[in-house]
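Close look at the chain arrangement
So the chains spell out like this:
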Amino acid sequence: GAGVSQSPSNKVTEKGKDVELRCDPISGHTALYWYRQSLGQGLEFLIYFQGNSAPDKSGLPSDRFSAERTGGSVSTLTIQRTQQEDSAVYLCASSFRARPGASGETQYFGPGTRLLVL
Amino acid sequence: GESVGLHLPTLSVQEGDNSIINCAYSNSASDYFIWYKQESGKGPQFIIDIRSNMDKRQGQRVTVLLNKTVKHLSLQIAATQPGDSAVYFCAESGGSARQLTFGSGTQLTVLP
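Here's a quick rundown of the structure. Keep in mind that this is a model prediction, so the values were computed, not measured.

Some thoughts on the pairing of strand E8 (residues 88-95) of chain A
All names here are of chain A.
- E8 sits mainly inside the fold: 8 of its 8 residues count as buried.
- Because side chains alternate across E8, one face comprises the buried residues Ala88, Tyr90, Cys92 and Ser94, and the other comprises Val89, Leu91, Ala93 and Ser95, equally buried.
- Pairing analysis gives 7 bridges linking strand E4 (residues 31-37) to E8, with the strands arranged antiparallel. Residue pairing across strands places Trp34 opposite Cys92, the latter belonging to E8.
- Note: E8 against strand E10 (residues 113-117), 3 bridges, orientation antiparallel. Note that in E10 the partner of Ala88 across the bridge is Leu115.
- The sheet contact formed by E8 and strand E9 (residues 108-109) spans 2 bridges and is antiparallel.

Structural data, given as structure tokens:
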């Protein structure tokens with residue numbers, strides 16, 4: 001597609017339920033990032049994938065959060081046993097490559113998934 | 001820890017005036033900086049970026065200035081238009097970090 005797409009656009013769930021958020025990066029982009037944005041706040045890094053390398057999970061807030069990227073393209077972010085503090089906008093971004101300072105490192109964002117945990 | 005911060009949370013300008021949004025960073029290893037615009041209900045939209053080997057870069061109606069001595073970044077928007085109203089984020093990366101570290105954002109409001 002022309003840009004990064006995410007689904008669902010909105011998700012309301014009950015505390016304790018699991019949710020899956022999907023990201024389709026820009027075709028040909030090897031790097032994929034997940035960020036979280038709480039209301040009125042900046043973006044918080046969660047996890048990053050680069051090609052077939054092991055993902056950088058250093059930003060995941062707890063072991064309830066996990067993500068995978070299948071076939072080097074689509075990624076799924078899973079939150080298990082959701083808590084109210086998980087309510088936020090979850091944003092996905094992709095870039096052609098991930099090396100900072102190199103051409104093609106610009107991250108392009110999707111529209112986000114707005115998650116509300118009741 | 002290292003952080004990227006913005007001087008002002010809100011900025012109001014008259015339509016047609018120039019806008020300047022400022023950002024300070026603390027990570028001396030930062031070598032790549034980027035500005036995003038985020039409209040309500042949308043994801044961040046790339047505006048302009050700059051690498052640490054430059055101190056100025058211009059785009060269409062926008063200019064980014066980088067002062068590495070004082071670790072300061074600014075975004076200048078010429079002839080601000082109503083469509084420029086949004087939250088503007090600066091972000092940086094550096095060293096081995098591949099993810100972006102974002103500031104908390106500045107809300108720009110363009111007054112008629």
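Quick look at the interface of chain A and chain B
- Opposite the 25 residues of chain A that make contact, chain B presents 22 residues.
- At the junction of chain A and chain B, the tally comes to 1 salt bridge.
- Across the chain A-chain B interface, the total number found is 6 residue pairs in polar contact (both at pLDDT 80 or more).
- When contributions to the side of chain A that touches chain B are tallied by element, the ones reaching two or more residues are E4, strand E5 (43-50) and E9 of chain A.
- When grouped by side-chain class, the residues that make up the side of chain A that touches chain B number 12 nonpolar, 10 polar and 3 charged.

Notes on the pattern of salt bridges
- Summed over the entire model, instances satisfying the criterion amount to 8 salt bridges over all chains.
- In this structure, A:Glu105 engages B:Arg51 in a salt bridge whose closest nitrogen and oxygen atoms are separated by 3.5 Å. Of this pair, A:Glu105 sits in the loop between E8 and E9 while B:Arg51 sits in strand E5 (residues 45-51), placing the two residues on different chains.
- Its relative accessible area of 31% is what places B:Arg51 among the partly exposed residues.

What about the packing of aromatic side chains?
- Under the defined criterion, the tally for this structure stands at 11 aromatic pairs over all chains.
- Considering the side-chain rings of A:Phe109 and B:Phe102, the 6.0 Å spacing of their centres and the 75 degrees angle between planes classify their relative orientation as edge-to-face. Placement of the pair is A:Phe109 in strand E9 and B:Phe102 in strand E10 (residues 101-102), with the two residues belonging to separate chains. In terms of burial, A:Phe109 and B:Phe102 fall into one category: buried.
- Taking the centre distance of 6.3 Å and the plane angle of 80 degrees together, the rings of B:Phe89 and B:Phe102 count as edge-to-face. On the criterion of sequence distance, the pair formed by B:Phe89 in strand E9 (residues 86-94) and B:Phe102 in strand E10 is long-range, its members being 13 residues apart.
- Take B:Phe89: its relative accessible area is 2%, and that puts it in the buried class.
- Among the aromatic side chains, those forming a connected cluster through ring pairs are A:Tyr33, A:Tyr35, A:Phe45, A:Tyr48, A:Phe109, B:Tyr36, B:Phe89 and B:Phe102.

Quick look at a nonpolar patch on the surface
Residue and element names in this part refer to chain A.
- Judged by side-chain polarity, Val12, Leu116 and Leu118 come together as a nonpolar surface patch covering roughly 280 Å² of accessible area.
- Checked against the element boundaries, Leu118 lands in the segment after E10.
- Under the relative-accessibility criterion, Leu118 is labelled exposed at 53%.

Basis of the calculations
- Residues numbered from 1 in each chain as written.
- Chains lettered and ligands numbered in written order.
- Predicted model: local features only at pLDDT ≥ 70, side-chain atom pairs only at ≥ 80, totals over all residues.
- Heavy atoms only, no water.
- Buried < 20%, exposed > 50% of the residue type's maximum accessible area, 1.4 Å probe, protein only.
- Helix = DSSP H or I, 4+ residues; strand = E, 2+ residues; numbered from the N terminus.
- Pairing = 2+ DSSP bridges.
- Contact = heavy atoms within 4.5 Å.
- Salt bridge = Lys/Arg side-chain N within 4 Å of Asp/Glu carboxyl O.
- Polar contact = N/O pair within 3.5 Å; in protein donor to acceptor, adjacent residues only side chain to side chain.
- Nonpolar A, V, L, I, M, F, W, Y, C, P; charged D, E, K, R; others polar.
- Phe/Tyr/Trp six-rings, centres within 6.5 Å; stacked < 30°, edge-to-face > 60°.
- Patch = residues over 30% accessible without salt bridge, like charges linked within 9 Å, V, L, I, M, F, W, Y side chains within 5 Å.
- Areas by Shrake-Rupley, 256 points an atom, 1.4 Å probe, with all protein chains shown as cover.

The quantities given are spatial measurements derived from coordinates; they are silent on function.
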